[in-house]
Amino acid sequence: MRFRRGVRPRPHHGRMRRILRSAGLEVFGGALLAAAVALALYVWLGTGAAAIGAAVVVALLGAGWIDRAAVAWVRRRGLAAMDRMSGVEFERHLGVLFADLGYRVRSTPVTGDFGADLLLTRGGAHTCVQAKRVSRPVGITAVQEAIGSRLHYGADAAMVVATSTFTPAAKALAESGDVDLWDRDRIVDELLVVRRRS
């Protein structure tokens with residue numbers, strides 16, 4: 001079987017201000033909602049129910065806020081670090097991410113990789129990965145290379161992972177060529193999966 005084988009970060013001051021401002025509004029809105037629930041339960045059921053209801057509302061709101069804070073942290077730290085990496089460093093970083101997601105990972109040679117930077121195996125299925133550490137939208141060439149690598153290595157699937165987005169043409173070709181596309185948002189989702197497991 002043949003399957004054997006920087007952009008400078010922008011300052012975050014404005015973004016942090018927006019995060020803090022939205023957090024403050026959420027806390028204020030959450031406090032109002034908890035007070036309204038507590039008042040309603042107090043009127044209908046008494047003091048104990050009011051306290052329990054307010055606590056439940058605060059717990060639910062707090063869990064949602066923590067989840068959004070985790071997403072913001074991954075966006076700031078995880079993606080900012082990737083944006084500073086070279087192409088080879090990004091490939092290595094992806095290798096670690098895929099290993100954390102349960103794949104067995106093998107790297108291809110830096111040159112002559114036939115369109116695949118990483119070869120993944122999980123559950124008997126083999127996947128070729130084309131990694132693109134770029135700031136501009138990724139076009140059809142990367143998708144074509146992924147399709148070619150899947151044929152060359154005899155893999156079951158192909159994937160393009162990029163630190164940016166994909167052009168409409170790339171998305172159309174990926175759909176017809178059965179190539180999985182991971183953009184910045186998908187990388188954030190997978191980083192969060194790993195972070196929550198650890």
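So, here is what we can say about the structure in this document.

What counts and what doesn't
Residues numbered from 1 in each chain as written. Predicted model: local features only at pLDDT ≥ 70, side-chain atom pairs only at ≥ 80, totals over all residues. Heavy atoms only, no water. Phe/Tyr/Trp six-rings, centres within 6.5 Å; stacked < 30°, edge-to-face > 60°. Buried < 20%, exposed > 50% of the residue type's maximum accessible area, 1.4 Å probe, protein only. Lys NZ or Arg CZ within 6 Å of the ring centre and 35° of its normal. Pairing = 2+ DSSP bridges. Helix = DSSP H or I, 4+ residues; strand = E, 2+ residues; numbered from the N terminus. Axes fitted to C-alpha atoms, helices over the stretch in contact; angles between N-to-C directions. Core = buried A, V, L, I, M, F, W, Y, C linked by side-chain atoms within 4.5 Å. Contact = heavy atoms within 4.5 Å. Parallel < 35°, antiparallel > 145°, perpendicular 65-115°, else oblique. Left-handed = near helix turned anticlockwise from the far one by under 90°. Arc of directions from axis to C-beta.

Let's shift gears to the packing of aromatic side chains. Any two aromatic rings considered together are summarised by their centre-to-centre distance and by the angle between their planes. As enumerated under the stated definition, the model contains 3 aromatic pairs in all. A centroid spacing of 5.5 Å and a plane angle of 90 degrees characterise the contact between Phe98 and Tyr103, whose relative ring orientation is edge-to-face. For Phe98, a relative accessible area of 0% corresponds to the buried category. Joined through ring pairs, the aromatic side chains of Phe98, Tyr103 and Trp182 make up one cluster. Here the guanidinium or amino end of Arg122 rests over the ring plane of Tyr103, the centre of that ring lying 4.0 Å away.

Before going further, it helps to examine the sheet that holds strand β4 (residues 157-162). The strand order β1-β2-β3-β4-β5 describes an open sheet built from 5 strands, whose pairing is mixed. Among the strands making up the open sheet, the edge pair consists of β1 (104-107) and β5 (179-182). Along the sheet, successive strands turn relative to each other by an average axial angle of 25 degrees, direction set aside. Bridge count for β4 against β5 is 4 bridges, and the pairing is parallel.

With 21 residues, the main nonpolar core has Phe90, Leu94, Phe98 and Val161 as its most contacted residues. Sorting elements by how many residues they give to this core places helix α6 (residues 184-197) first, with 5 residues. When neighbours within four sequence positions are excluded, Val161 is seen to be in contact with Phe90, Leu94, Phe98, Val129, Gln130, Ala131, Lys132, Trp182 and Ile187. Val138, Val143, Val160 and Ala170 belong to the second-largest nonpolar core, a separate cluster that totals 13 residues.

Quick look at the packing of helix α3 (residues 87-100) against α6 now. Here α3 crosses α6 at 50 degrees, and the two axes come no closer than 10 Å. Judged by the inter-axis angle, α3 sits oblique to α6. Relative to α6, the crossing made by α3 is left-handed. Between α3 and α6, the contacting residues are Phe90, Leu97 and Asp100 on the first element and Ile187, Glu190, Leu191, Val194 and Arg197 on the second.

Here we come to helix α5 (residues 168-177). The complete set of buried residues in α5 reads Ala170, Ala174 and Gly177. Projection of α5 onto a plane perpendicular to its axis shows the buried side chains occupying an angular sector of 75 degrees, all on one side. With respect to the buried face of α5, the exposed residues turned more than 90 degrees away are Pro168, Glu175 and Ser176. Contacts from the buried residues of α5 go to α4 (140-153) and β5. Following α5 by one or two positions, Asp178 has its phi on the positive side, about 55 degrees.

With that settled, consider unusual backbone geometry. Although it is not a glycine, Asp178 sits at a positive phi angle of roughly 55 degrees. Of the residues examined, Asp178 reaches a relative accessible area of 58% and is grouped as exposed.

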